[in-house]
Structure formats: C-alpha cells, structure tokens
Amino acid sequence: MQAYLSGAPVKSGSMNEHAERVRQLLVARGVKDRSMKPELARVCDISYQSVQGWFDGSTKSITAKNLAKIAKHWNADLAWLTTGRGDMDTVAALFEEGATYQINNGVREVPVVGKAELGPDGFWSETEHPVGNGDGFVSWPTTDPNAYAVEANGDSMAPRIKHKEFIIVEPNAEILPGDEVLLKTREEPPRCMVKVYQYTRDGRHHLANINTEYEDFKLEVELVEKMHLVVGHAKRSMHRHE
C-alpha cells in the first residue's frame, strides 16, 4: 500500500506536480515570484538549489516532510498540496502544535512504540507494554495505517532532532535518495539510527550522517531489520499519554 505522504515520483514536466501546487499556493498567499524560492528554502531549511530542482524538473517530487512544513507555514490543506484533491484552504487549523484530535482527512494519533539513542552507537528500545498503555500518541497528518513514532534520546543530532522529541515514521512509504530514514539492525542489542539514504549497491546500503561530525558509512543489507521513511519530527507538546 502506498503511503499518503510517500513522496513518490510523479510524471515529469517543466516542474513536478507538487511544485505546481506549491506555486499556486504561494501566489494565492501573495508571495512574489522573485521571493518564492528563497522563502521556500528558509521555511523548509534546505538549500536554494534543492528548491530550484523542484521547479526546473530535475527533482520529481517534494518530500513529505517539506510538504508538511509548507502546508503549516502557509495555512494550506496538506491533502490538497500532496494529491491535488480537495480545497487549498480547508484544514489550516490542523497544523497548530498540540492538536490531539483525530479526524478523517489525515490527522491521526500515531502510537509511540519505543525510544532511540541517536548516533553511531544508537540502539532501539522496544516497548515493554502494549501500545496505548504507557507510551502515548503523537498527532500527525498521515493516512499510513502503520505510522509510528519513536522518542529520541541524546543530543547527537541536535539541533535538528532534540532530546525527547519524537521521530515520525511511515513504514509503507517509498524511500528515495536523499530521504531521512530510521534504521533498525539485526544485531544484539539492535541499533536504531536516523540517517540519510543515498543508494543501495552490491548488497550494501550507502548512508549519510545528518550530523557532519560523523563519517558516512555502508551497511550490509542483510544486517538491516527495517528501514523506514522519516517524515517529520514532533515537539513534546504534540504528545499525549492517553
């Protein structure tokens, strides 16, 4: 099943379909053409060149996390921005931090399933009780029925991911080069890491570190138990225990 915010490729053209809707949105919000790309780079915390790729057709889609940032900043309906269905302005209020309600248009309460120490020696800590009986939930716009959240521990990825924030993961989403992924290894104890996926070749995943203090590395495919797309990072205020 393809995830709701998978960032899957779209049909090519002068610009990808996501970028076309982003341009429509910014025009509707009164953003001038000359300001669009710098503003998008600032809001998404990415390079101007990355935004340029959205509009010149060299990048075939915009990642889920960037679409969510754009929707939140300019008060747009994330479903419309992602798929083109619905209305540009229908669910702006859903992007307020701390929302805990659940509705049918994509915002749901994602279960927190464990904790992760982030870094080269990171590990995965499985929950010791059924989901919903201690770990709680994080509100997030997704229709992936298997979406989950992991609590981050440690500061090895600060300021991008802070201690006690939540990593939102969509296991059914397609992973593309340049996407952030959460990895769990088959080692004992297993390691849980957030990396940037580059490519897979000759039985090895090639991965980059978000924190440039650590070197990039390769990981044997058979050592990976799971590799899932990271679609965002949630603040503590978006978590609830019940």
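An account of the accompanying structure is given in this report. These figures come from a predicted structure and were not determined experimentally.

**Notes on the pairing of strand β10 (residues 224–234)**
And then number 1: With respect to burial, β10 is a largely interior element, 8 of its 11 residues being buried.
And then number 2: Taken together, the 5 bridges between strand β5 (residues 166–170) and β10 define a ladder with antiparallel strand orientation. Across the sheet, the residue bridging to V169 is V230, located in β10.
And then number 3: Examined bridge by bridge, strand β6 (residues 180–185) and β10 share 5 bridges and lie antiparallel to one another. Counted as the bridge partner of L183 is M227 from β10.

**Here we look at the pattern of salt bridges**
And then number 1: Here the structure, examined in full by the defined rule, presents 8 salt bridges.
And then number 2: One salt bridge connects R240 with E109, and the closest N-O pair in it is separated by 2.5 Å. Highlighted residues: R240 in strand β11 (residues 239–240) and E109 in strand β1 (residues 107–117), separated in sequence by 131 residues.
And then number 3: Given a relative accessible area of 11%, E109 falls into the buried group.
And then number 4: A salt bridge links K184 to E225; its shortest N-O distance comes to 3.6 Å. Remark: E225 occurs in strand β10 and K184 occurs in strand β6; sequence separation between them is 41 residues.
And then number 5: Judged by its relative accessible area of 5%, K184 falls in the buried class.

**Some remarks on helix α2 (residues 33–44)**
And then number 1: For α2, with 12 residues, the first-to-last C-alpha span of 17 Å sits near the 16 Å given by 1.5 Å per residue.
And then number 2: Of the residues making up α2, those classed as buried are M36, K37, L40, A41, V43 and C44.
And then number 3: Two residues or fewer past α2, D45 is found with a positive phi of approximately 60 degrees.

**A few points about helix α4 (residues 64–73)**
And then number 1: The buried count for α4 comes to 7 of 10 residues, which makes it a mostly enclosed element.
And then number 2: Of the residues making up α4, those classed as buried are A64, K65, N66, L67, A68, I70 and A71.
And then number 3: Where α4 is buried, its residues touch α1 (17–28), α2, α3 (48–56), α5 (78–83), β6 and β10.
And then number 4: Phi turns positive, to about 55 degrees, at N75, one or two residues after α4.

**Things to note about the packing of α2 against α4**
And then number 1: One way to put it is that α2 packs onto α4 with a least axis distance of 9 Å and a crossing angle of 105 degrees. Looking at the two axes, α2 sits roughly perpendicular to α4. Contact with α2, carried on its side by L40, R42, V43 and C44, involves N66, K69, I70 and H73 of α4 and no other residues of that element.
And then number 2: For the contact of α2 with α4, the residue count by class is 4 nonpolar, 2 polar and 2 charged.

**What to know about the environment of V181**
And then number 1: As for its placement among the helices and strands, V181 is situated in strand β6.
And then number 2: Looking at V181, the relative accessible area reads 0%, which means it is buried.
And then number 3: Distance from V181 to E170, taken between C-alpha atoms, is 9.6 Å for residues 11 residues apart in sequence.
And then number 4: Residues within four places of V181 in sequence aside, it is in contact with I175, M193, V194, K195, Y197, L207, M227, H228 and V230.

Calculation criteria
- Each chain has its residues counted from 1, following the order in which its sequence is written.
- Reporting in this predicted model follows two pLDDT cut-offs: at least 70 for local features of residues, and 80 or more for side-chain atom pairs to be given and counted; totals over whole chains, interfaces and linings ignore these cut-offs and use all residues.
- Calculated side-chain values reflect all of the structure's heavy atoms, with hydrogen atoms and water omitted.
- For every residue, the accessible area (1.4 Å probe, protein chains only) is compared with the maximum for its type, and the residue is labelled buried under 20%, exposed over 50%, or partly exposed between those bounds.
- Numbering of helices and strands runs from the N terminus, with a helix taken as a DSSP run of H or I at least four residues long and a strand as a DSSP run of E at least two residues long.
- Only strands joined by at least two bridges in the DSSP assignment are considered to pair.
- When a carboxyl oxygen of Asp or Glu is within 4 Å of a side-chain nitrogen of Lys or Arg, the pair counts as a salt bridge.
- Helix span is expected to be 1.5 Å times the residue number reduced by one.
- Should any heavy atoms of two residues lie within 4.5 Å, those residues are considered in contact.
- Angular values range over 0 to 180 degrees, each being the angle between N-to-C directions of two axes fitted as lines to C-alpha atoms, with helices fitted over their stretch in contact.
- Just so you know how the angles are binned, under 35 degrees is roughly parallel, over 145 roughly antiparallel, 65 to 115 roughly perpendicular, and the rest oblique.
- The classification used treats Ala, Val, Leu, Ile, Met, Phe, Trp, Tyr, Cys and Pro as nonpolar, Asp, Glu, Lys and Arg as charged, and all other residues, Gly among them, as polar.

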